[in-house]
Amino acid sequence: MNDGLKSKIIAAGQAHLLRYLEELTPEEERSFVEQLEAVDWEQIPQLAKDYVMTRPEITIPEDLSPARFFPLIPGDDRSAELYRAARAKGKELLENGKVCCLTVAGGQGTRLGFDGPKGTYPIGPVSGRTLFEYFAGAVARTSEKYGKQLNWYIMTSPINREATESFFKAKNYFGLPQESVFFFTQGTMPAFGTDGKLLLASKNSLALSPDGHGGTLLALRKSGALAKMVADGNEYISYFQVDNPLVPVADPLFIGLHALENSEMSAIMLSKTNSREKLGNFCVSGGRTMIIEYSDLPEELAEKRNADGSLAFVAGSPAIHVLSRSFVEKLTSGGTLRLPWHRADKKIPCLNAAGEAVVPAEPNGVKLESFIFDALPLAEKVMILEGDRAEVFAPTKNATGVDSAESCRMMISSRNARRLAAAGVEIPAGKDGAVDAVIEISPFEVIDDADAAALVKETGLKKILPGSMVAL
């Protein structure tokens, strides 16, 4: 290890990281040095002071107000015309290759009781298609529909990068051109002990964790993804998370409104089902759009009502965005990005003072991560569009219960039933009014109502039998 790096580490108050250097093999030292060189040592003391030694206080701006949004259904002729123009603009951008997709897929399936990258989890209610296959099908069908191959960027974590790429290779990229699928890895942050000292996972490794989905933006630049977007003419990035198979991978209306409104970063909002639903709240302060976490919004604001009795702070975030490539380039110029950090107290396996590996039973340290929504206040213009929850949002976070694989499969089936019913197919219903069948439609064939109508016409499908499991 060179003296310059040692000096930076010592100046940052982290000399303890060097105590085992003489015990390392040359190969172990090389890998350790590579980790240490990736750390921004100048910011470590300030991070320890601001986020570890003191617990950051959440301050709510006094001028906080609900963010304005475009409603799901246009309220007048002028709005209806804007939506028509936006759809046409989105279609034009897709046809001209100006749009690409970005899936954040760094998570593992641990909470689902699944050993592997979350994207490889089987979610199809009949077929068992994986989450990745749902997106691959939608990318393929969107590319076919608009006559231009969509590039698909997939952000992995250091933990699941290899397994994710191997999965795609084994599946022959689901028929997509290999050159259109670009994997990149999000950055990491070293974990702190409660004393502000960085933790070691072993004698030749820091205790590292992913730096959060806010790290996506900088990782795009460092990985060469932004350069590829420039080379391929992609100007708009459709961003979504891997656990939501209902999300449209490239919605012409959403993309078109983003472009027509000259937005730098846009978002889908969902009308909250209650004042404390676990969705971040779209708000405005000082003319800047921001998200206030549901747990941080004061009770009086969370319960605030409009004259008609509806929630004032009704706009919740499902983490669906469109970003202009130029905005990401601007934020990451110079190879750095300063988004706020968020503290999480965790049980972090590490070496103790005696150099012994320990797995703590209680939280022993702090992990820091950044969130993509903290880029919203940095945008000169933000556009928010209301989404239809039943059409675009079915998160797969737990095995059962709320926001689970179980509820997601039901929502996939229900959306398919609605699409078929709109195309004239007779759909069976139980006594409770719910669909009395399990219906799955291939995302390689159908991504919207028009596709569903074409499929029904082609197959001559008239009705779904009660209690049946149908795969189309």
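Attention here is on the structure that accompanies the text. Note that the coordinates shown come from a computational prediction; the quantities given were computed from them, not determined experimentally.

1. Let's talk about the overall build of the chain
Scanning the chain from terminus to terminus reveals 14 helices and 22 strands. Since a compact globule built from 472 residues should have a radius of gyration of about 23 Å, the 24 Å found for the chain is in line with a globular shape. Its C-alpha atoms give the chain principal-axis dimensions of about 75 × 55 × 50 Å. Scored against the burial criterion, the 472 residues of the chain give a buried share of 50%. Taking contacts inside the chain between residues at least 6 apart in sequence as the whole, the part at least 24 apart equals 75%. For the chain, the separation between the mean place of its 51 positive charges and that of its 61 negative charges on side chains is 2 Å.

2. Some thoughts on the nonpolar core
Formed by 43 residues in total, the largest nonpolar core has its most connected members in Phe132, Trp152 and Phe168. Sort the elements by how many residues they give to this core and helix α5 (residues 131–146) lands first, with 6 residues. Apart from the residues within four sequence positions on either side, tryptophan 152 is in contact with Cys101, Thr103, Phe132, Phe135, Ala136, Val139, Phe168, Leu176, Ser180, Val181 and Phe182. Formed by 39 residues, the second largest nonpolar core is a distinct cluster that contains Ala225, Leu226, Met229 and Ile384.

3. Quick look at helix α1 (residues 3–11)
Its side-chain oxygen placed 3.1 Å from the backbone nitrogen of glycine 4, asparagine 2 serves as the N-cap of α1. One or two positions beyond α1, positive phi appears at glycine 13, with a value near 80 degrees.

4. Quick look at the sheet that holds strand β19 (residues 365–369)
Judged by pairing direction, the sheet is antiparallel, and its 3 strands sit side by side in the order β6-β19-β16 without closing on themselves. The sheet is open, and its two borders are formed by β6 (192–193) and β16 (342–346), each paired with just one other strand. Note: β16 against β19, 5 bridges, orientation antiparallel. Counterpart to arginine 343 in the pairing with β19 is leucine 368.

5. Looking at the side chain of glutamine 43
With respect to the helices and strands, the residue glutamine 43 is situated in the loop between α2 (26–37) and α3 (44–52). Look at glutamine 43 and you get buried, because its relative accessible area is 19%. Look past the residues within four positions of glutamine 43 in its chain and what remains in contact with it is Arg338 and Trp341.

6. Focus on the packing of aromatic side chains
Throughout the structure, instances matching the rule amount to 13 aromatic pairs. With a centroid separation of 6.3 Å and an interplanar angle of 80 degrees, the aromatic rings of phenylalanine 167 and phenylalanine 168 are classed as edge-to-face. The same class applies to phenylalanine 167 and to phenylalanine 168, which are both buried. Relative to phenylalanine 373, the ring of phenylalanine 371 lies with its centre 5.3 Å away and its plane at 50 degrees, an arrangement referred to as tilted. Residue classification places phenylalanine 373 among the buried positions, given a relative accessible area of 12%. Cluster of aromatic residues (ring-pair linked, three or more members): Phe132, Trp152, Phe167, Phe168, Tyr173, Phe174 and Phe183.

7. What about the environment of isoleucine 237?
When you line up the elements, isoleucine 237 lands in strand β10 (residues 236–241). Overall, isoleucine 237 belongs to the buried group, its relative accessible area being 1%. Placed 177 residues apart in sequence, isoleucine 237 and serine 414 show a C-alpha to C-alpha distance of 29 Å. Setting aside chain neighbours within four positions, we find isoleucine 237 in contact with Cys100, Leu102, Leu220, Met229, His321, Val322, Leu323, Arg325 and Val328.

8. Observations regarding the pattern of salt bridges
This model, assessed by the stated rule, comprises 26 salt bridges. The residue aspartate 243 makes a salt bridge to lysine 397 at a minimum N-O spacing of 2.8 Å. Highlighted residues: aspartate 243 in the loop between β10 and α9 (252–260) and lysine 397 in the loop between α12 (389–392) and α13 (405–422), separated in sequence by 154 residues. The class for lysine 397 is partly exposed, based on a relative accessible area of 28%. The residue arginine 418 makes a salt bridge to glutamate 391 at a minimum N-O spacing of 2.6 Å. A residue pair is termed long-range when its members are at least 10 positions apart, and arginine 418 in helix α13 and glutamate 391 in helix α12 qualify at 27 residues. The partly exposed category is assigned to arginine 418, whose relative accessible area is 32%. Three or more residues are tied together by salt bridges with common partners; here these are Arg141, Glu144, Lys145, Asp448 and Asp451.

9. Things to note about the pairing of strand β15 (residues 321–324)
Residue alternation in β15 divides its side chains into two sets, His321 and Leu323 and Val322 and Ser324, and both sets are buried. Across 4 bridges, the pairing between β10 and β15 is antiparallel. Bridged to serine 238 within β15 is valine 322. In this sheet, β15 lies alongside strand β11 (residues 265–271) in antiparallel orientation, the contact comprising 3 bridges. Across the sheet, the residue bridging to alanine 267 is histidine 321, located in β15.

10. Quick notes on helix α4 (residues 77–95)
With 19 residues, α4 should cover 27 Å at 1.5 Å per step; its first-to-last C-alpha distance of 27 Å lies within 8% of that length. Residues Ala80, Tyr83, Ala86, Gly90, Leu93 and Leu94 constitute the buried set of α4. Buried residues in α4, looked at end-on, bunch into an arc of 145 degrees, giving them a common side. The exposed set on the far side of α4, more than 90 degrees from its buried face, consists of Asp77 and Arg78.

11. Section: the packing of α4 against α9
Each pair of packed helices can be described by the angle between their axes along with the distance between the axes. One can describe the packing of α4 onto α9 by two numbers: an axis separation of 7 Å at closest approach and a directional angle of 100 degrees. In terms of orientation, α4 lies roughly perpendicular with respect to α9. Where α4 abuts α9, its residues Leu82, Tyr83, Ala85, Ala86, Arg87, Lys89, Gly90, Lys91, Leu93 and Leu94 lie against Pro252, Leu253, Ile255, Gly256, Leu257, Ala259 and Leu260. Class assignment of the residues belonging to the contact of α4 with α9 gives a composition of 12 nonpolar, 2 polar and 3 charged.

Rules of the game
Residues numbered from 1 in each chain as written. Predicted model: local features only at pLDDT ≥ 70, side-chain atom pairs only at ≥ 80, totals over all residues. Heavy atoms only, no water. Helix = DSSP H or I, 4+ residues; strand = E, 2+ residues; numbered from the N terminus. Rg over C-alpha atoms; globule rule 2.2 N^0.38 Å. Buried < 20%, exposed > 50% of the residue type's maximum accessible area, 1.4 Å probe, protein only. Contact = heavy atoms within 4.5 Å. Lys, Arg positive; Asp, Glu negative; His and termini not counted. Charge placed at Lys NZ, Arg CZ, Asp CG, Glu CD. Core = buried A, V, L, I, M, F, W, Y, C linked by side-chain atoms within 4.5 Å. Polar contact = N/O pair within 3.5 Å; in protein donor to acceptor, adjacent residues only side chain to side chain. Pairing = 2+ DSSP bridges. Phe/Tyr/Trp six-rings, centres within 6.5 Å; stacked < 30°, edge-to-face > 60°. Salt bridge = Lys/Arg side-chain N within 4 Å of Asp/Glu carboxyl O. Expected span 1.5 Å × (residues − 1). Arc of directions from axis to C-beta. Axes fitted to C-alpha atoms, helices over the stretch in contact; angles between N-to-C directions. Parallel < 35°, antiparallel > 145°, perpendicular 65-115°, else oblique. Nonpolar A, V, L, I, M, F, W, Y, C, P; charged D, E, K, R; others polar.

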